[in-house]
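This is what each chain is made of:
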Amino acid sequence: MSPSRSDHVTRFAVVGNPENRRVALFSAAVRAAGLPGPRVVPWLDVLRAGGARFGDDETVRVDSPGENPDVDRMLRDVTDPARVEGSARWYRRFTAAARTLTGGHRLDDADELAVLFDKRRCHAVLREAGVPVPASPTSGPGAAPVRGWEDVRALMREHRLPRVFLKLAHGSSASGVLAIETASGGRIRATTSVERADDGRMFNSLRLRRHHDEREIAAVVDALAPDGLHLERWVPKAAVGGRTCDLRVVVVAGRATHAVARTSRSPMTNLHLGGERGDLAAVRAAVETAGGDWAGLLAVCERAAACFPRTLCVGVDLLPAVGWRRFAVGEVNAFGDLLPRLTGLPGSGAEGLDTYAAQVRAVLRTDPASVPPHSPRKLRHAATDPTAASAVAVPAAPTASPGPAGSAGRA
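Residue indices begin from 1 for each chain and proceed along its sequence in written order. Thresholds applied to this predicted model are a pLDDT of at least 70 for local features of residues and 80 or more for the giving and counting of side-chain atom pairs; totals over whole chains, interfaces and linings are not thresholded and use all residues. To get the side-chain values, take all heavy atoms of the structure and skip hydrogens and water.

### Focus on the pattern of salt bridges
Here comes step 1: When a carboxyl oxygen of Asp or Glu is within 4 Å of a side-chain nitrogen of Lys or Arg, the pair counts as a salt bridge. Tallying each qualifying case throughout the model produces 33 salt bridges.
Here comes step 2: The salt bridge involving Asp 72 is made with Arg 76; its shortest N-O contact spans 2.8 Å. Of the two residues, Asp 72 and Arg 76 are both situated in helix α3 (residues 69-76); the distance of four residues between them amounts to about one turn of the helix.
Here comes step 3: By relative accessible area, Arg 76 is classed as buried at 5%.
Here comes step 4: The partner of Arg 284 in a salt bridge is Glu 288, with the nearest N and O atoms 3.0 Å apart. Placement of the pair is Arg 284 and Glu 288 together in helix α9 (residues 280-289), with a separation of four residues, close to one helical turn.
Here comes step 5: Connected through shared salt-bridge partners, Lys 237, Asp 246, Arg 248, Arg 262 and Asp 317 make up one network. Strands here are runs of E lasting at least two residues and helices are runs of H or I lasting at least four, both read from the DSSP assignment and numbered beginning at the N terminus. Burial classification: accessible surface area is computed with a 1.4 Å probe over protein chains only, and a residue below 20% of its type maximum counts as buried, one above 50% as exposed, and the rest as partly exposed.

### Topic: α3
Here comes step 1: When α3 is considered as a whole, its buried residues turn out to be Val 71, Asp 72, Leu 75 and Arg 76. In a view along the axis of α3, the buried residues occupy a sector of 110°, so they form one face of it.
Here comes step 2: Two or three places before Asp 70, at the opening of α3, Asn 68 has a side-chain oxygen 3.0 Å from that residue's backbone nitrogen. It is the directions from the helix axis to the C-beta atoms that the arc portrays. Polar contact is the term for a pair of N or O atoms within 3.5 Å; when the atoms are in protein, one must be able to donate a hydrogen and the other to accept it, and sequence-neighboring residues count only if both atoms are side-chain atoms.

### With respect to the pairing of strand β12 (residues 255-264)
Here comes step 1: Among the 10 residues of β12, nine are classified as buried, and the element is accordingly described as predominantly covered.
Here comes step 2: The pairing of strand β11 (residues 243-252) with β12 spans nine bridges and is antiparallel. In the strand pairing of β12, Thr 244 is matched with Ser 264.
Here comes step 3: Two strands are said to pair when DSSP picks up at least two bridges between them. Between β11 and β12, which follow one another and run antiparallel, lie two residues, and Ala 253 among them has a positive phi close to 50°.

### Focus: the packing of aromatic side chains
Here comes step 1: Note on aromatic contacts: the rings of Phe and Tyr and the six-membered ring of Trp form a pair at centre separations within 6.5 Å, being stacked when their planes are under 30 degrees apart, edge-to-face when over 60 apart, and tilted otherwise. All chains considered together, the criterion is met by eight aromatic pairs.
Here comes step 2: Summarising the aromatic geometry, the rings of Trp 90 and Phe 117 are spaced 5.3 Å apart at their centres and angled 55° between planes, so their arrangement reads as tilted. Remark: Phe 117 occurs in the loop between α5 (110-116) and α6 (119-128) and Trp 90 occurs in helix α4 (residues 87-98); sequence separation between them is 27 residues. An identical accessibility class is assigned to Trp 90 and Phe 117; each is buried.
Here comes step 3: A connected cluster of aromatic rings, assembled from ring pairs, spans Trp 43, Trp 90, Phe 94, Phe 117 and Phe 335.
Here comes step 4: Charge over a ring is defined by NZ of Lys or CZ of Arg lying within 6 Å of the ring centre and within 35 degrees of the ring normal. Directly above the ring of Phe 26 sits Arg 61, whose terminal nitrogen or CZ lies 4.8 Å from the centroid.
Here comes step 5: In this arrangement the basic side chain of Arg 83 is found over the ring face of Phe 203, its NZ or CZ atom lying 5.7 Å from the centre.

### Examining the side chain of Ser 136
Here comes step 1: By the element assignment, Ser 136 lies in the loop between α6 and α7 (149-158).
Here comes step 2: Take Ser 136: its relative accessible area is 14%, and that puts it in the buried class.
Here comes step 3: Residues count as neighbours in contact if any of their non-hydrogen atoms are within 4.5 Å of one another. When neighbours within four sequence positions are excluded, Ser 136 is seen to be in contact with His 123, Arg 127, His 230, Leu 231 and Glu 232.

### Some points on the side chain of Arg 106
Here comes step 1: Residue position: Arg 106 is located in strand β4 (residues 101-106).
Here comes step 2: One polar contact links the side chain of Arg 106 to the main-chain carbonyl oxygen of Leu 101, over a distance of 3.3 Å.
Here comes step 3: A distance of 2.5 Å separates a polar atom in the side chain of Arg 106 from a polar atom in the side chain of Asp 108.

### Notes on the pairing of strand β9 (residues 229-233)
Here comes step 1: With four of five residues buried, β9 lies mostly within the body of the structure.
Here comes step 2: The pairing of strand β5 (residues 163-168) with β9 spans five bridges and is classified as antiparallel. Among the inter-strand pairings, Phe 165 is bridged to a residue of β9, identified as Glu 232.

If you want it as structure tokens, here you go:
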């Protein structure tokens, strides 16, 4: 991941959608460090040309191809971005496109991206590394296939899983997710953002739906199954302020630098589905009052990130169990750093930096000779002060054995 030393200032390039706020925020962080703005290579150009080449002096960030209808159409063959279908096609084309990027010093790895965007493979890698994850019968190469609702029901019975999350193997942002609960007497309930049209097409909705008719649930699952499904135990989550809670923890260069609590009254905490940012101080107090270990919580996220030694930054979704003493990693997201206006955790080395500034600083720390001599010593918040310049160090990544990498999610 490290750029080579030279007498020249580090030059960044970013593969992304030029109009996207992700690219804008990263570009602001680069300029805030006193460097020239990054060369932006549009995903649309990469897909049309069949690849892109970078110079030996360029440090290359790959960003999300999401939120661009033309790019989405090329990756999924759908004309409506709200459609759920096509995630397997998206995965094949996106991972293939990532491998057409050549040259430069990469801040990610195409092979690791391929695992990060397959929940089944990611779960298995984390489990093998000793990272706590929810129990799952569908992770790893020898897992049973999920061809439809009958397979889901059979796996739930066989593995004694009365409550599960069923996810698209290559989905993100709760697309296609069903939170399924069963009870005595054949009762069943599924909570999902999927809206199924009369003609069978499926759409992501901003409103959660609860289904109690098993035939309707089966119809949704059967329609999702061709794109690949991942099943895992529903971990009852701890609550803060009367709302269930999980955490998104950003790990940069091996160090947990940023965290946000997400709370909800539903099984999904995603902000676009009615979730809210919670009080992180209250979460930490709940952990410590229960006799838990806040540093240990962050260490779990760092262990998850260490499964991806060739990826500079990941976003780890951490599930605190009821009681605040046990934690499991739900997902690891390749593009999980979009947390505008959030600055670094105390003691993280990224205090005062947003997630993008922390990543830029981590790169520059590996090659301090590349920092322009005129750079000011203080860094202000890059997202709000594009003239600021970086001088706060983020620790380099710990040594870790390369291996299959981590989980899914276009964040």
